[in-house]
Amino acid sequence: MPGQSSKKIKEACDRCGTCCRQGGPALHIQDRHLVAPGFLGFDVLVTIRRGELARYPLSDQPEPVRQELIKIQGRGGDWSCRFLQAASSSCAIYDRRPLACRLLKCWAPDEVLAIAGRELLGRYDLIADNDPLLLLVRLHEQECACPDLVESGIRLRSLSRRAAMLCELEQLVNRDIAVRGMALQRYGLSVAPELFYFGRPLFQILAPLGITVTESSGGLTLQYRGA
Ligand code: SF4
């Protein structure tokens, strides 16, 4: 019709899969009942620890998270939600999908933005008091907290401060690996639930800063390749 925009206004999800490919949802208090072995067990979750870089819903830029959050793991090496069925771009747990997925409407983001970063589940909401790994999780948080990635990046780019920064990060990365090793040795913890209990290994988290690692009998050595 003359004078009227021909641009189609989206009114429902057309299952393009774009949102789900950007990563699984963060879990909220309202999703607590979904976390159970055989459904959203610890082996399909990943902890994003405070300070790690992550994208908030509908944001293009990753930013340091202010509060720990628990997400559904990706598939293989990418963040695409593991419940996204690639062939049909449909959700394998659609009827029981988490709150953020139910509220996410890319054409009307107000509802999902209203809960972003609020009433989030964290590990201590989910790990039972008698879980033998709880002590190691606390130890890990005390000794291997995620460093300030913005400040670390600044120091790495400074020629005069780089060596000290690398040394500091190297100690942290090796301690992180050592605690994970304890969990494997004492409790046989496999990689999938390890991502929930301890989050991603620090050396992976540091990769966007331009850090690579080599492994030897003495542990991991960090190199700075430039961001
Ligand atoms: S749970 Fe389902 S709707 Fe939510 S991100 Fe994963 S595939 Fe998409």
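Shown above is the structure to which this text applies.
Right, let's walk through the structure included here. Note that the structure is a prediction, hence the values are computed from the model and not measured.

**A look at unusual backbone geometry**
Here's step 1: In this model, Arg15 sits at a positive phi of 55°, which is unusual for a non-glycine residue.
Here's step 2: Turning to its location among the elements, Arg15 is positioned in the segment before helix 1 (18-21).
Here's step 3: Residue Arg15 is classed as exposed on the basis of its 11 C-beta neighbours within 10 Å.
Here's step 4: Here Ser89, not a glycine, exhibits a phi torsion of approximately 50°, which is positive.
Here's step 5: Here Ser89 is to be found in the loop between strand 7 (84-85) and strand 8 (90-91).
Here's step 6: Classification of Ser89 by C-beta neighbours within 10 Å gives partly exposed; the count is 15.

**Looking at the site of the ligand**
Here's step 1: In the vicinity of the ligand, the contacting residues are Cys20, Gly24, Pro25, Ile72, Cys81, Phe83, Leu84, Cys91, Ile93, Arg97 and Cys101.
Here's step 2: Of the residues assigned to the shell around the ligand, the class counts are 9 nonpolar, 1 polar and 1 charged.

**What to know about the environment of Cys167**
Here's step 1: Looking at the secondary structure, you find Cys167 in helix 7 (residues 159-187).
Here's step 2: Looking at Cys167, the number of C-beta atoms within 10 Å reads 11, which means it is exposed.

**Here we look at helix 8 (residues 191-198)**
Here's step 1: Along helix 8, the positions that sit buried rather than exposed are Glu194, Leu195, Phe196, Tyr197 and Phe198.
Here's step 2: One or two positions beyond helix 8, positive phi appears at Gly199, with a value near 75°.

Procedures and definitions
- Residues numbered from 1 in each chain as written.
- Predicted model: local features only at pLDDT ≥ 70, side-chain atom pairs only at ≥ 80, totals over all residues.
- Helix = DSSP H or I, 4+ residues; strand = E, 2+ residues; numbered from the N terminus.
- Buried ≥ 20, exposed ≤ 12 C-beta atoms within 10 Å, placed from the backbone.
- Near = placed C-beta within 6 Å.
- Nonpolar A, V, L, I, M, F, W, Y, C, P; charged D, E, K, R; others polar.

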